[in-house]
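Given next are the chains, with one letter for each unit.
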2 protein chains.
Amino acid sequence: MRQAKFEGSTQSDRLAEAIAETVLSGEFQPGLRLDEGMLAERYGVSRTPVREALRQLASTGLIDVKPRRGATVANVTSSQLEMMFGAMAEIEATCARLAAMGMTPIERRRLQGLQETMEAIVLRDDRDAYAAANINFHTQIYLGAHNEILSDFATALRRRLAPFRRAQFRTEGRSSRSHAEHAAVVKAIVACDASAAHAAMFHHMSLVEDSFGQLGAPSRATA
Amino acid sequence: MRQAKFEGSTQSDRLAEAIAETVLSGEFQPGLRLDEGMLAERYGVSRTPVREALRQLASTGLIDVKPRRGATVANVTSSQLEMMFGAMAEIEATCARLAAMGMTPIERRRLQGLQETMEAIVLRDDRDAYAAANINFHTQIYLGAHNEILSDFATALRRRLAPFRRAQFRTEGRSSRSHAEHAAVVKAIVACDASAAHAAMFHHMSLVEDSFGQLGAPSRATA
DNA sequence: GATTGCCATTATGTATGCAAAATCGTATAT
DNA sequence: ATATACGATTTTGCATACATAATGGCAATC
């Protein structure tokens, strides 16, 4: 059963990625039982790498694995979602504050440059490009916090929440509002104003949460 | 190979716990190669549950697992340690702020009660009891934040940093200083003063970091 | 008719076997 | 003497096989 897709990673890792994609795409819906044998057959491998992939995904919270009871796609409750958005807002605000305090001049310039790039994207109303640039923007701030632990946590949370935010930038005027909020964040960071950066980012993230409204099903965007 | 220690958890889970203990105790030192076969023989099981345990531990950062290159006890650099302590201070401070904002009256009373209990422990200079109560104190604040995501993260970080803090409360006068700092946190939380709670907790955690000084090897406390 | 207990089926947890990659030692060439 | 290449050994990754716990259906009983 040789299928050398990527040399340098194992089948378990590739499987974890593939299963995660399938879950995030909505094909595997919350609550669905993830039978090891079924997955093994579906991906043409044995149960062993499937099990390792499932354990790996369980550690990210994407699926639940109970001893002797198998794995199921995690059923995210409305309260859990609230807590994830809340945690994300706190962490991002913290990163923004740290960025305001510790970013190098080069990093501040880069952030400003990115902000200007996004200005153009907003003007031509390219929502896909904005969604991509938005991730980049937030990632720059994670990195600017100069704390890999916080940055990894923020990245994991963002990835975990992605399916619940997919449709967001499709809504009319969302990009320009988001962009305006980014401006406040950038301004504070460039000015080395830690508490303003924290407040601006927290405000931004809170609005993101609000715009999602109450839970509801994750958007079924394709991959 | 039946060894029914705990019915309801798997050997993989028990193995992960056992290996973690051995690493945290210092018997498995940083950089040590964790050979699957060696571990399997040591714990009297086959390689399969050992592999699952290693993957699980890798997700906590306690060990490094590279594809095709096996697992090693994570070698924590001084900069990583700094980032972990920094992240911990930020998260704890955030939890304290959220606790100040959202704790129920009952939770505030309970925290105050715990603080009074610790007062007695400090007076009779029972350092082991203080160390235990201290974990309880911080846990109460995690819970008071009413955000399981942040709380889990804080708990994981605390556990991860435990070996680097073991000797801390053995130092003369550490308990009373810590207790005094706790008082400020409790006071702010009881007064619903969010920013004071944040500041007090951050101050407290920063001192913890300082008292550790620069890296050095983790304390080799037994279990 | 509902409930409970038993048995067949299914799925998970673990052990074992095998193939490929990595590591280490040795020998050879420069 | 150093570096490189080759081969043996070790170890990981994966597949397969087996044992045990969980699940579901059926029947017997209240």
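For the structure, check the block above.
Residues numbered from 1 in each chain as written. Chains lettered and ligands numbered in written order. Predicted model: local features only at pLDDT ≥ 70, side-chain atom pairs only at ≥ 80, totals over all residues. Heavy atoms only, no water.

Novice: What exactly am I supposed to notice about the protein's contact with DNA strand C here?
Specialist: Arg51 and Arg68 of chain A together with Gln11, Ser46 and Thr48 of chain B are the nearest of the 19 residues found near DNA strand C. Counting only atoms of DNA strand C within 4 Å of the protein, the fraction found in sugar and phosphate groups is 68%. With respect to DNA strand C, the side chain of Arg69 of chain B contributes an N or O atom lying 3.3 Å from a phosphate oxygen. Mapped onto the surface near DNA strand C, the elements with two or more residues apiece are helix H3 (47-60) of chain A together with helix H1 (11-25) and helix H3 (47-60) of chain B. Considering every element that reaches the surface near DNA strand C, the biggest residue donor is H3 of chain B, with three residues. Here the residues of the surface near DNA strand C sort into four nonpolar, six polar and nine charged. (Near = heavy atom within 4 Å. Polar contact = N/O pair within 3.5 Å; in protein donor to acceptor, adjacent residues only side chain to side chain. Helix = DSSP H or I, 4+ residues; strand = E, 2+ residues; numbered from the N terminus. Nonpolar A, V, L, I, M, F, W, Y, C, P; charged D, E, K, R; others polar.)

Novice: Even after reading the chapter, I still don't get unusual backbone geometry, so can you show me in this structure?
Specialist: With glycine set apart, most residues show a phi of negative sign, and most peptide bonds adopt trans. Of note in this structure, Cys192 of chain A is not a glycine but carries a positive phi near 60°. Residue Cys192 of chain A is classed as partly exposed on the basis of its relative accessible area of 47%. (Buried < 20%, exposed > 50% of the residue type's maximum accessible area, 1.4 Å probe, protein only.)

Novice: Whenever I open this one, the pairing of strand S3 (residues 70-73) of chain A confuses me. Can you help?
Specialist: The side chains of a regular strand alternate between the sheet's two faces. Residues Ala71 and Val73 of chain A of S3 of chain A are buried on one face, while the alternating residues Gly70 and Thr72 of chain A, pointing to the opposite face, are not. Counting the residues between successive antiparallel strands, the hairpin from strand S2 (residues 63-66) of chain A to S3 of chain A contains three residues, one of them, Arg68 of chain A, with a positive phi of roughly 65°. (Pairing = 2+ DSSP bridges.)

Novice: Sorry, what's going on with the protein's contact with DNA strand D here?
Specialist: Taken together, 19 residues form the shell around DNA strand D, and within it Gln11 and Ser46 of chain A together with Arg47, Arg51 and Arg68 of chain B come nearest. For DNA strand D, the backbone makes up 70% of the atoms found within 4 Å of the protein, where backbone means sugar plus phosphate. A distance of 3.0 Å separates a base nitrogen of DNA strand D from a polar side-chain atom of Thr48 of chain A. If you list the elements that add at least two residues to the surface near DNA strand D, you get helix H1 (11-24) and H3 of chain A together with H3 of chain B. Per-element accounting of the surface near DNA strand D gives the leading share, three residues, to H3 of chain A. Residues that form the surface near DNA strand D fall into these classes: four nonpolar, six polar and nine charged.

Novice: Honestly, the relation of the copies chain A and chain B in this entry has me stumped. Any pointers?
Specialist: Relating one copy of the chain to the other requires a rotation about an axis plus a shift along that axis. Least-squares fitting of chain A to chain B yields an RMSD of 0.0 Å, with the superposition described by an axial translation of 0.0 Å and a rotation of 180°. The superposition operator between the copies reduces to a two-fold rotation axis. Of the residues that chain A buries at the interface, 100% are likewise interface residues in chain B, meaning the two copies contact each other through the same surface. (Least-squares fit on C-alpha atoms with pLDDT ≥ 70 in both. Contact = heavy atoms within 4.5 Å.)

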